[in-house]
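# Analysis of the macromolecular model
Given next are the chains, with one letter for each unit.
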Amino acid sequence: MSLYCSYTDKHLTIDTLGRLKACCFSEPLAHSLDQVDDITDFWHNSKQWTTLRDNLNNGVRDSRCNECWKMEDKNLKSLRQRVNFPHEPGKLQSLELTISNQCNLACRMCTSARSSMIAKERRPWDIYNDQSVHWLQDTNNLEKIEKMIIENDIKDLYLAGGEPQLIKEYIPVMEMCVKNKSKFCNLHLVTNGTVYNEKFFEIVKKFDSVIIEISIDATEQTYNNIRYLGDWDNFTTHTDRILKLVNTINDTPYKKASIMWSIVQQLANIDHCNQLSAYFKSCKDKMLPDTDVVYSVLTITDYDAWRVDALPIEILQEAKDRIVPDGTSFADEWKANIENGIKYNVCNSEHISKVFEYEDWYKLKYNQCIWDINPKWKETYQLRQDQ
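Quick caveat: nothing in here was measured; it's all calculated off a predicted structure.

Attention shifts here to a negative patch on the surface. Taken together, the side chains of Asp 34, Asp 138, Glu 143 and Glu 146 make up a negatively charged region of the molecular surface. Of note, Glu 146 is situated in helix H7 (residues 139-151). Judged by its relative accessible area of 34%, Glu 146 falls in the partly exposed class.

This part takes up the sheet that holds strand S5 (residues 156-159). Spatially, the eight strands line up as an open sheet ordered S2-S1-S3-S5-S6-S7-S9-S10, and their pairing is mixed. Each edge of the sheet is formed by a strand with only one pairing partner; in this case those strands are strand S2 (20-21) and strand S10 (293-299). As defined by bridge partners, strand S6 (residues 186-191) adjoins strand S7 (residues 209-215) across six bridges and the pair is classed as parallel. Opposite Val 190, over in S7, you have Glu 213 as the bridge partner.

Inspection of every chain in the model, using the stated rule, returns 27 salt bridges. Here Lys 147 makes a salt bridge to Glu 151, at a shortest N to O gap of 2.4 Å. Taken together, the residues span about one helical turn, with Lys 147 and Glu 151 both in helix H7 at a distance of four residues. On the basis of relative accessibility, which here comes to 42%, the residue Glu 151 falls in the partly exposed class. Measuring nitrogen to oxygen at the nearest pair gives 3.1 Å for the salt bridge that ties Lys 363 to Asp 372. Of the residues examined, Asp 372 reaches a relative accessible area of 43% and is grouped as partly exposed. Through salt bridges with shared partners, one network takes in Asp 15, Arg 19 and Lys 21.

Conventions and cut-offs
- Residues numbered from 1 in each chain as written.
- Predicted model: local features only at pLDDT ≥ 70, side-chain atom pairs only at ≥ 80, totals over all residues.
- Heavy atoms only, no water.
- Patch = residues over 30% accessible without salt bridge, like charges linked within 9 Å, V, L, I, M, F, W, Y side chains within 5 Å.
- Areas by Shrake-Rupley, 256 points an atom, 1.4 Å probe, with all protein chains shown as cover.
- Salt bridge = Lys/Arg side-chain N within 4 Å of Asp/Glu carboxyl O.
- Lys, Arg positive; Asp, Glu negative; His and termini not counted.
- Charge placed at Lys NZ, Arg CZ, Asp CG, Glu CD.
- Helix = DSSP H or I, 4+ residues; strand = E, 2+ residues; numbered from the N terminus.
- Buried < 20%, exposed > 50% of the residue type's maximum accessible area, 1.4 Å probe, protein only.
- Pairing = 2+ DSSP bridges.

Quick look at the structure:
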């Protein structure tokens, strides 16, 4: 049985460490751009890439894709299953760049590889220890990217961070794509919605098709408790500006803009489905009627103790019982993930201890943690710890 993944057959990710990967979740196929003279040739012909494609096409679970196998084993929809859309096989058409970790937030579920603010914190459990660099500042790397864009029919450019609006090196890349592929290149931009860079978005408007993916995991005080250094009111103010931009683009002939809400499901927001649904509805009411809105609900992967299947069943059951169907795929997927977390639950003493370690650290650092919002959860964890 084939385990085909379209990302191995059309896509390339270069992450904050300058590593070449099949997607943001896969293990690296090359550990640095310095190891690759010609990106297009590496993508088509390198042993690293061809063996990955062959393994998946022949039903072999390649270990470089373990994150997807973990999710699929728990009956969760993996990235592989989400992205298998029709395309022209064997052509590099999709490019994801994460060229810096420069960011203005220190989200609890993130790492120093994705946030310069977390790198400054030196969280004791951080798994990357700030190895990231601004690899596109190297003119050789910029030339390699430009050559690849010109050589290939890049239809989708995906920019992530850090916060892309704060990363000045993205400006020449976007201008390069507009110049060389203006009629074919779709832009997929990930933002935390807390800033609005006028110059950046003026270039965004030059693309014919734009998806703006806004990261949000909760509302009000829970938002502030997840996205440290962020502020809910600031987020809604700048996100409203982004929604107006989407309306402007959609009101322009032959152009299209969509919104994607991106949520990481984790301990801190497991009971927050209804509040998010209400916020999404309020935003939908501000957009033009035919605007496409989609949802990406991913369970946390970097820290086991916050994973849905590692949470106490009592907390999961209570969160599930609170969910009110909203007529969208969002609430359905949220509930399905909780049901799988209950069915495949692995909560143990190590997870319990880790959660206390994390919350003690956040309380000391920011004078707030999830116990402040959900004191009953602390009682539940203490009971588990005493068993």
